[in-house]
Amino acid sequence: MDALDLARWQFGIVTVYHFLFVPLTIGLSFLVALMQTAWYRTGNAKYLGMTKFWGKLFLINFAMGVVTGIVQEFQFGMNWSDYSRFVGDVFGAPLAIEALVAFFLEATFIGLWIFGWDRLPKLPHLLCIWLVAISTNLSAFFILAANSWMQHPVGFTIDPVRGRAQLTSLWAVLNNSTNRVAYPHVATAAFLSAAAFVIGISAWHLYRKQHTEVMRESLKMGFVVALLFGVGVTATGDLQAKIMTDQQPMKMAAAEAIWDTQAPASFSVFTVGTPDGEHELFSVRIPHLLSYLAEGDFTAKVEGIRDVQRDEEGRYGPGDYRPVIPVTYWSFRYMIGFGVVTAALALVGLFMMRGGRNPAEKKWFYRAALWTIPFPLIANSFGWIFTEMGRQPWVVYSQMFTREGVSPLVGPGLVLTSLIVLTLLYLALAGVEVTLLVRYIKAGPPDTEAEAKTPLEEPERDAGRSDDEQAERPLTFAY
């Protein structure tokens, strides 16, 4: 493989690995904030136990996401310098806002939340975790604004002398129609991922009859959140499909592997085709569904790959404008399938909880809940693979080919070296992540009965001790 192929593999590995942590961070931050709000309003010890238990797991995941995200941004300069020169003026604005506003806000208040349990009054301490949750979502919004510009470039002009994009309207970039549907879709998928995480771990403890009060409430919250945001993912995904059809018709045609224009067009749940992917041998289809997904009309026409290829050759010149069809076809279905299974489990589980029942007592449900933990994360990964692979051969749609963005002076040897090193490093980090998560999951929530009864409207003080001695007291909530 040449430097371009290796650079694409490295970016794909790093991006997919990083995005395993992002949805959990986004979703868990809000769930922990809701748990602490419930404790603030009720004083019930089970909500404090939930906050501290899930808060620990959130912090482990947050730290790993920060580390892997930094490496991802370094790649722009390492392997994609020509791309960075082309988009730098545009990307600089949303990414700078993300770093200076959202990330710094997040880092500041997460520190106050960690170390403020015995030092801050209850309400300011609660506000800290809410600000962490809000800033986490702001980070996602600004990063998705940058990515949406790659999918649908707006608010720029091309400098004819330097041959690079120049920002003309930051508002157009942030208010990009692609970002308006991409952000809600990613956010709802993040909540679904966090809910599956909570469901699986809660079921593990309940099956063993451990920490039943805390875990039963956690399981119920997980079911409700998964069901609500499963519907949200479906609705926002439908909107995104219609925007995609309008802006990138080849991606929609490739998602269905539809070679010739059809009206109406059916959606294939499963297809067996020839090795080249151009001819169908067997398929299971839902009539008219693809027409609705693409245009919101069950009888609408959907352009096929051959027709879109001809149109794009006429617009951009000779070339192959088709992505890898099997990758787009199957990643689109895996994205939908794994998400649907998670929402279905939540619906079944919520039904099984009626009348005070414990669904995790059923061995089949306990196993299904454990297996479902990675399902939304897999769906997220395939969603990103579909989004980025379906745009090929463009790195910035209609403006820059992927082959034009690679660093010209970085040879395959250097890229291969960094690819191997980063892959091995990430495997080691995965081991650290899993080890820490398993350790704290097995430990379960702390005993919070006494602490929950202690009024914390003001920081607790020991009589007769100086301020310096007060500051040296160990934290009750230490990580």
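As shown above, the structure is provided for reference.
Residues numbered from 1 in each chain as written. Predicted model: local features only at pLDDT ≥ 70, side-chain atom pairs only at ≥ 80, totals over all residues. Heavy atoms only, no water.

Student: How do you make sense of the pattern of salt bridges when you look at a structure like this?
Tutor: Opposite charge on two side chains allows them to pair when their charged atoms are near. For the structure on display, the rule yields 11 salt bridges. For the salt bridge of R306 with D260, the shortest nitrogen-to-oxygen distance reads 3.1 Å. A residue pair is termed long-range when its members are at least 10 positions apart, and R306 in helix α11 (residues 305-316) and D260 in the loop between α9 (249-256) and β3 (267-273) qualify at 46 residues. For D260, a relative accessible area of 45% corresponds to the partly exposed category. Residue R391 pairs with E388 through a salt bridge whose shortest N-O separation is 2.8 Å. (Salt bridge = Lys/Arg side-chain N within 4 Å of Asp/Glu carboxyl O. Helix = DSSP H or I, 4+ residues; strand = E, 2+ residues; numbered from the N terminus. Buried < 20%, exposed > 50% of the residue type's maximum accessible area, 1.4 Å probe, protein only.)

Student: How should I be thinking about the packing of α9 against α11 in this particular structure?
Tutor: Packed helices, taken two at a time, are described by the angle their axes make and the gap between the axes. Running from amino to carboxyl end, α9 crosses α11 at an angle of 155°, the nearest separation of the two axes being 9 Å. Between α9 and α11, the interaxial angle falls into the category roughly antiparallel. Here α9 runs over α11; the crossing is left-handed. Residue-level contacts link P249, M250, A253 and A254 of α9 to I305, V308, Q309 and E312 of α11. Classifying every residue of the contact of α9 with α11 gives 6 nonpolar, 1 polar and 1 charged. (Axes fitted to C-alpha atoms, helices over the stretch in contact; angles between N-to-C directions. Parallel < 35°, antiparallel > 145°, perpendicular 65-115°, else oblique. Left-handed = near helix turned anticlockwise from the far one by under 90°. Contact = heavy atoms within 4.5 Å. Nonpolar A, V, L, I, M, F, W, Y, C, P; charged D, E, K, R; others polar.)

Student: Even after reading the chapter, I still don't get the packing of aromatic side chains, so can you show me in this structure?
Tutor: Each aromatic ring pair is characterised by the separation of its centres together with the angle its planes make. Using the criterion set out here, one finds 31 aromatic pairs in the structure. With a centroid separation of 6.3 Å and an interplanar angle of 75°, the aromatic rings of F91 and W149 are classed as edge-to-face. Of the two residues, F91 is situated in helix α4 (residues 81-115) and W149 in helix α5 (residues 122-151); the sequence distance between them amounts to 58 residues. Here the two residues F91 and W149 agree in accessibility, since each one is buried. When the ring of Y334 is compared with that of F338, the centres are 6.4 Å apart and the planes differ by 50°; the resulting orientation is tilted. Of this pair, Y334 and F338 both sit in helix α12 (residues 325-352), 4 residues apart, which is roughly one turn of that helix. (Phe/Tyr/Trp six-rings, centres within 6.5 Å; stacked < 30°, edge-to-face > 60°.)

Student: Looking at this structure, how should I read the side chain of Q247?
Tutor: In this fold, Q247 is placed in helix α8 (residues 212-247). There is a polar contact of 2.6 Å between the side chain of Q247 and the side chain of T178. (Polar contact = N/O pair within 3.5 Å; in protein donor to acceptor, adjacent residues only side chain to side chain.)

Student: Looking at this structure, I do not really get the nonpolar core. What am I missing?
Tutor: W54, L57, F58, W113, F197 and I201 are the most contacted members of the largest nonpolar core, which totals 57 residues. It is helix α7 (residues 177-207) that provides the largest number of residues to this core, a total of 11 residues. In this view, L57 contacts F197, I201, L437, Y440 and I441; residues no more than four positions away in its chain are not counted. Counting 22 residues, the second-largest nonpolar core is a separate cluster that includes A7, V87, M400 and V415. (Core = buried A, V, L, I, M, F, W, Y, C linked by side-chain atoms within 4.5 Å.)

Student: When you look at the packing of helix α2 (residues 22-42) against α5 in this model, what are you seeing that I'm missing?
Tutor: Close contact between α2 and α5 brings their axes to 9 Å; oriented N to C, the two are set at 160°. Classified by the angle their axes make, α2 and α5 are roughly antiparallel. For the pair α2 and α5, the sense of crossing is left-handed. Each of T25, I26, S29, F30, V32, A33, L34, Q36, T37, W39 and Y40 in α2 lies in contact with α5, whose residues at this interface are K122, L123, H125, L126, I129, W130, A133, I134, T136, N137 and A140. Classifying every residue of the contact of α2 with α5 by side-chain character gives 14 nonpolar, 7 polar and 1 charged.

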